[in-house]
Amino acid sequence: MATDPRRLGFLLAVHRGGGILAAADLLHVTPSAVSQQIQRLEAEEGVVVLDRGPRGVTLTPAGRVLAETAERIETELVEARKALAALGDEVSGRVAVGSFQTAIRAVVAPVAGRLAETAPGIELDVQEREPTEALRLLRAGELDVVLLERDYEADSPAPRGTREIVLLDEPWRLVVPASMPTPTRLDDVRDVVWLGPEPGTAAARALRRLARGLGGTVRTRHNYYDFDVALSLVAAGLGVAMLPALAVEGGASDEVPDGVTVVGLPGLGSRRLVARHRATRHEPRPVVSAVLDEMVAAAAEIAFA
């Protein structure tokens, strides 16, 4: 007959309490209940586990073996409960992130790769979206986090019910045709032709700010939304543009076409990347907060030349 592990608990209580009466107090049962369980344990194992004398009981060598076994089982159960508690606290679930190309490349993709190794319970759903569409999906609850761009001087508070976390401020870079003399100060580009950024973008706001610093207006031709398009137009000698560093440095530098010179000038300012999420009594969920923390950490690792 196999030993009932529950009986080992009674033997362990006798060992720790020093007797039947003390074990009964520890277990909140009657002394006769303790004695019955010990007798059944002895019957099941075919050994005597207690020496019963006029001054009480002591464990026999066999009793000590079983008491030590009971202690190991108790320790294993404690560790098992800790593991179960950790499983209950494990951050897991799906997080939908809406972003744009440069932010996906520099922040979101590295975070996705890192989470796949460190937090497999988190399912990251990355969606390349234009800001207007991304914000609509955030309001509708279809996206959990939206990455947005701002010119650093055009910052504004997040709408009610949302919160924004600044990820990084990246410098603007001037991109000019290689056939053009390399500018060394802003006055050198006062009279050049600029490529026109899509209205409403951070690049458009930055160009308006720069124009004010150069006297009020700049000449623009053509129109672009995608930074790769701007680089192609610059390479063709059709104008100059102001692009964020993430679009032309690091891994992106491999995509800068021949015929383009990237210049860093004082006074160009910076583009700010922020992560917006819903902020209510129940949001962000722990899994969303975990993803946001990883984004902040990934952005902090980005260095600019």
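For clarity, every value in this text was computed on a predicted model and none was experimentally measured. (Residues numbered from 1 in each chain as written. Predicted model: local features only at pLDDT ≥ 70, side-chain atom pairs only at ≥ 80, totals over all residues. Heavy atoms only, no water.)

Quick look at the overall build of the protein
Then, number 1: In terms of helices and strands, the protein carries nine helices and 11 strands.
Then, number 2: Its C-alpha atoms give the protein a radius of gyration of 34 Å, clearly above 19 Å, the size a compact globule of 305 residues would have.
Then, number 3: Counting every position in the protein, which comprises 305 residues, the buried fraction comes to 42%.
Then, number 4: Here the contacts in the protein between residues at least 6 apart in sequence split such that 76% fall between residues at least 24 apart.
Then, number 5: Summed over its atoms, the accessible surface of the protein is roughly 16200 Å², and 52% of this surface lies on carbon and sulfur atoms.
Then, number 6: Side chains of the protein give 34 positive and 42 negative charges; the mean places of these two sets differ by 6 Å. (Helix = DSSP H or I, 4+ residues; strand = E, 2+ residues; numbered from the N terminus. Rg over C-alpha atoms; globule rule 2.2 N^0.38 Å. Buried < 20%, exposed > 50% of the residue type's maximum accessible area, 1.4 Å probe, protein only. Contact = heavy atoms within 4.5 Å. Areas by Shrake-Rupley, 256 points an atom, 1.4 Å probe, with all protein chains shown as cover. Lys, Arg positive; Asp, Glu negative; His and termini not counted. Charge placed at Lys NZ, Arg CZ, Asp CG, Glu CD.)

Structural notes on the pattern of salt bridges
Then, number 1: Per the counting criterion, the structure on display carries 22 salt bridges.
Then, number 2: Residue Asp151 pairs with Arg209 through a salt bridge whose shortest N-O separation is 2.8 Å. Of this pair, Asp151 sits in strand S5 (residues 145-151) while Arg209 sits in helix H7 (residues 202-213); the two residues are 58 residues apart in sequence, bridging distant segments of the chain. Arg209 carries the same exposure label as Asp151, and that label is buried.
Then, number 3: Among the ionic pairs, Glu249 bridges to Arg173, the shortest N-O distance being 2.6 Å. Taken together, the residues span a long stretch of sequence, with Glu249 in the loop between strand S9 (241-244) and strand S10 (260-263) and Arg173 in strand S6 (residues 162-177) at a distance of 76 residues.
Then, number 4: The network of salt bridges with shared partners includes Asp144, Arg278, Glu283 and Arg285. (Salt bridge = Lys/Arg side-chain N within 4 Å of Asp/Glu carboxyl O.)

Details of a nonpolar patch on the surface
Then, number 1: A contiguous nonpolar patch, built from Leu26, Leu27 and Val29 and spanning about 220 Å² of accessible area, is present on the exposed surface.
Then, number 2: Here Leu27 shows up in helix H2 (residues 20-27). (Patch = residues over 30% accessible without salt bridge, like charges linked within 9 Å, V, L, I, M, F, W, Y side chains within 5 Å.)

Overview of helix H9 (residues 286-300)
Since the α-helix advances by 3.6 residues per turn, residues separated by three or four positions end up pointing in the same direction.
Then, number 1: For H9, built from 15 residues, the straight-helix expectation of 21 Å at 1.5 Å per residue is met to within 8% by its first-to-last C-alpha distance of 21 Å.
Then, number 2: Against the buried residues of H9 lie strand S3 (93-99), helix H5 (101-118), strand S4 (122-128), S5, S6 and strand S11 (270-278). (Expected span 1.5 Å × (residues − 1).)

Considering unusual backbone geometry
Then, number 1: Here the bond from Glu283 into Pro284 is cis, since omega is 5 degrees, no more than 30 degrees from zero.
Then, number 2: With respect to the helices and strands, the residue Pro284 is situated in the loop between S11 and H9.
Then, number 3: Its identity as a non-glycine residue notwithstanding, His28 has a phi of 60 degrees, on the positive side.
Then, number 4: Along the chain, His28 falls in the loop between H2 and helix H3 (31-45).
Then, number 5: For His28, a relative accessible area of 72% corresponds to the exposed category.
Then, number 6: Here the phi dihedral of His222 falls at roughly 65 degrees; this positive angle occurs in a residue that is not glycine.
Then, number 7: With respect to the element layout, His222 can be found in strand S8 (residues 219-224).

Points about helix H1 (residues 5-17)
Then, number 1: For H1, built from 13 residues, the straight-helix expectation of 18 Å at 1.5 Å per residue is met to within 8% by its first-to-last C-alpha distance of 19 Å.
Then, number 2: Regarding H1, the residues found buried are Arg7, Leu8, Phe10, Leu11, Leu12, Ala13 and Val14.
Then, number 3: Once H1 ends, the next one or two residues include Gly18, with phi positive near 90 degrees.

A look at the nonpolar core
Then, number 1: Residues Leu174, Val175, Trp194, Leu210, Tyr224, Leu243 and Leu268 are the most contacted members of the largest nonpolar core, which totals 35 residues.
Then, number 2: Mapped onto this core, the elements with two or more residues apiece are S6, strand S7 (193-197), H7, helix H8 (227-235), S9 and S10.
Then, number 3: Take this core: its biggest share by element is six residues, from H7.
Then, number 4: Once residues lying within four places of it in the same chain are set aside, the contact partners of Tyr224 are Leu195, Gly196, Pro197, Glu198, Ala203, Val229, Ala230, Ala241, Met242 and Leu243.
Then, number 5: Counting residues in hydrophobic clusters, the runner-up holds 28 residues, among them Ala103, Val107, Ala119 and Val287. (Core = buried A, V, L, I, M, F, W, Y, C linked by side-chain atoms within 4.5 Å.)

Remarks on the environment of Glu44
Then, number 1: On the secondary structure map, Glu44 appears in helix H3.
Then, number 2: Exposure remark for Glu44: the relative accessible area of 15% places this residue in the buried category.

Let's talk about the environment of Gly267
Then, number 1: Residue position: Gly267 is located in the loop between S10 and S11.
Then, number 2: Remark: the alpha-carbon pair of Gly267 and Pro171, spanning 96 residues in sequence, is separated by 9.8 Å.
Then, number 3: Apart from residues lying up to four places away in sequence, Gly267 is in contact with Leu186, Arg209 and Leu210.

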